[in-house]
Amino acid sequence: MPPEWSLVVHGGCGQLTPETLPGPEGECRAGLAAALAAGKAILNAGGSAVDAVVAAVSVLEDHPLFNAGRGAVFTAEGRTELDAAVMDGATRLAGAVAGVTRTRNPVQLARAVLQNSPHVLLARDGADVFALEQGLEQVEPGWFRVEARWQALEAMKAAAARGEDLFDADLKYGTVGAVARDAQGHLAAATSTGGLTGKRWGRIGDSPLIGAGTLADDRSVGVSCTGSGEAFIRAGVGHEMGALVRLAGLSPPEAAARALADVAALGGSGGIIFIGQDGVPGWAFSTPGMFRARATACDEDEVAIWGSRG
Ligand code: ASP
């Protein structure tokens, strides 16, 4: 019997060491626990998986230590351009936004696209206009600004001026996400990110792309990814996991391992959180650490950052 409900969240992954954490370890863990609590409250009350993942991701977007919403990284021009997606596994309706600049919680804008538009993905100015029409909370760009993220951009520019690699991507991972299975047995997934420090040319990663960084399908699995977005797009990680579970009969952990191996074959690394119809919340990652937490109706909550040490 699957647990009555289950939830798993992530706050990104990468070359994490105690020295490179975005803030005190206790604060990172508390942020993950707060996101878990927000989603759990909805699932405990019989709410939907979609509402649970949006609530959990909204908490991480508002948290300055994670690269989504407030605390997002800066583009090369010193702007915050935010991407988010949400998918409902029951209906396979999906909503996503890319390059939005004024909505406090991009995941809530993604849900508005899902619920109140005939489209799946809105981008940039048009998505900002849609947010206004939907009456979602708008903020000045300064709301998103966190000094450490600005310094990261400055450091990257200084490195570029010295002729060093502009995209030492391992240091710049960060994205948040959640996957839930509700008491009705429905799956949902949501992902939100500021993308990569110093991104240019309207670059969009895997996070808002349904079937890449985000997927939910009651027939197979709910998935939210973090990592080298270009490799996750090329590997079609969300869709690949769904197909491996639904058509090839793999378990979600087996499918995640296979998908990460494919990402590695393309030169990428990262992490995946997932829940299948057995309701077991899982994660897999090929980086030294991943901010992550999970809960079910019957198990103790678990919050972890490091590889083997939890
Ligand atoms: N996958 C995200 C992107 O490519 C970044 C990350 O997860 O760190 O935008």
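Since the structure is predicted, the reported quantities are computational estimates derived from the model, not experimental observations.

A.B. asks: What's the story with unusual backbone geometry in this structure? I'm lost.
C.D. replies: Peptide bonds are trans in most cases, and residues, glycine excluded, mostly fall at negative phi. At R124, a position not held by glycine, the phi torsion is positive, near 50 degrees. Within the secondary structure, R124 is located in helix α4 (residues 124-133). Using a relative accessible area of 32% as the deciding quantity, one classes R124 as partly exposed. Of note, W201 is a non-glycine position whose phi angle comes to about 60 degrees, a positive value. Tracing the backbone through its elements, the reader meets W201 in the loop between β6 (187-193) and β7 (214-216).

A.B. asks: Quick question: what am I supposed to make of helix α7 (residues 237-246) here?
C.D. replies: For an α-helix the count is 3.6 residues per turn, leaving residues at separations of three or four pointing the same way. Within α7, 7 of the 10 residues are buried, leaving the element largely enclosed by the surrounding structure. Of the positions making up α7, those classed as buried are V237, G238, M241, G242, A243, L244 and V245. Lining the buried residues of α7 we find β7, β8 (221-227), α6 (229-235), α8 (252-265) and β9 (270-276).

A.B. asks: Please explain the site of the ligand as it appears in this structure.
C.D. replies: Taken together, 11 residues are adjacent to the ligand, and G174, T175, R203, D206 and T226 come closest. A distance of 2.5 Å is found between an oxygen atom of the ligand and a backbone nitrogen or oxygen belonging to G174. At a separation of 2.7 Å, an oxygen atom of the ligand approaches a polar side-chain atom of R203. Relative to its unbound accessible surface of 270 Å², the ligand loses 100% to contact with the protein. Here the shell around the ligand is composed, by residue class, of 1 nonpolar, 8 polar and 2 charged.

A.B. asks: Mind showing me how you'd approach the pairing of strand β5 (residues 176-181) here?
C.D. replies: Each regular strand shows side chains that alternate between the opposite faces of the sheet. With 6 of 6 residues buried, β5 lies mostly within the body of the structure. Burial of the side chains of β5 extends over both faces: V176, A178 and A180 are buried on one face and G177, V179 and R181 on the other. Pairing geometry for strand β1 (residues 6-14) and β5, over 5 bridges, is antiparallel. What sits directly across from V9, in β5, is A178. Bridge analysis of β5 against β6 gives 6 bridges, and the strand direction is antiparallel. What sits directly across from A178, in β6, is A190. Connecting β5 to the next strand, β6, in antiparallel fashion are 5 residues, including G185 with a positive phi near 85 degrees.

A.B. asks: Looking at this structure, I do not really get the sheet that holds β9. What am I missing?
C.D. replies: Where strands meet in a sheet, backbone hydrogen bonds hold them as pairs that are either parallel or antiparallel. Spatially, 4 strands are ordered β7-β8-β9-β10 in an open sheet, and the strand pairing comes out antiparallel. Edge positions in the sheet fall to β7 and β10 (281-285), since each of these pairs with one other strand and no more. When strand polarity is set aside, the average angle formed by the axes of neighbouring strands in this sheet is 15 degrees. Two elements, β7 and β8, share 3 bridges in a ladder whose sense is antiparallel. Considered in β8, the bridge of T214 is made with S224. Of the strands in this sheet, β7, β8 and β9 are in contact with α7, which crosses β8 at around 145 degrees. Docked against the sheet, α8 engages β8, β9 and β10, running at close to 155 degrees with respect to β9.

A.B. asks: Even after reading the chapter, I still don't get the environment of H119, so can you show me in this structure?
C.D. replies: Residue position: H119 is located in the loop between α3 (106-116) and β4 (121-123). Along the chain, H119 and A94 lie 25 residues apart, while their C-alpha atoms are 8.3 Å from each other.

A.B. asks: What is the right way to read the environment of I42 from this model?
C.D. replies: In this fold, I42 is placed in helix α1 (residues 25-44). Sequence-wise, I42 and A148 are 106 residues apart; in three dimensions their C-alpha atoms are separated by 33 Å.

A.B. asks: Just to check I follow, could you spell out the pattern of salt bridges for this structure?
C.D. replies: What the rule picks out here adds up to 11 salt bridges. Note that K40 is salt-bridged to D301, the shortest N-O span being 2.8 Å. With K40 in helix α1 and D301 in the loop between β11 (289-296) and β12 (302-306), the pair connects residues that are 261 residues apart, well separated along the chain. Residue class for D301 comes out partly exposed when judged on its relative accessible area of 39%. Of the charged contacts in the structure, one is a salt bridge between E147 and R145, with a shortest N-O distance of 3.0 Å. By sharing partners, the salt bridges in this structure join D62, R104 and E137 into a single network.

A.B. asks: Mind showing me how you'd approach the sheet that holds strand β3 (residues 94-100) here?
C.D. replies: As summarised here, the arrangement of the 8 strands in space is β4-β3-β2-β6-β5-β1-β11-β12, forming an open sheet in which the pairing is mixed. Because the sheet does not close on itself, it has two edges, and the strands there are β4 and β12. For this sheet the average axis-to-axis angle between neighbouring strands, irrespective of direction, equals 10 degrees. Direction of pairing for strand β2 (residues 82-88) relative to β3: antiparallel, over a ladder of 5 bridges. Looking at β3, one finds that A84 is bridged to V97. α1 rests against β1, β5, β11 and β12 of the sheet, and its axis sits at about 145 degrees to β12. Contacts between helix α2 (residues 49-62) and the sheet are confined to β1, β2, β5 and β6, with β5 contributing the most and set at about 155 degrees to the helix.

What counts, and where the lines are drawn
Residues numbered from 1 in each chain as written. Predicted model: local features only at pLDDT ≥ 70, side-chain atom pairs only at ≥ 80, totals over all residues. Heavy atoms only, no water. Helix = DSSP H or I, 4+ residues; strand = E, 2+ residues; numbered from the N terminus. Buried < 20%, exposed > 50% of the residue type's maximum accessible area, 1.4 Å probe, protein only. Contact = heavy atoms within 4.5 Å. Near = heavy atom within 4 Å. Polar contact = N/O pair within 3.5 Å; in protein donor to acceptor, adjacent residues only side chain to side chain. Areas by Shrake-Rupley, 256 points an atom, 1.4 Å probe, with all protein chains shown as cover. Nonpolar A, V, L, I, M, F, W, Y, C, P; charged D, E, K, R; others polar. Pairing = 2+ DSSP bridges. Axes fitted to C-alpha atoms, helices over the stretch in contact; angles between N-to-C directions. Salt bridge = Lys/Arg side-chain N within 4 Å of Asp/Glu carboxyl O.

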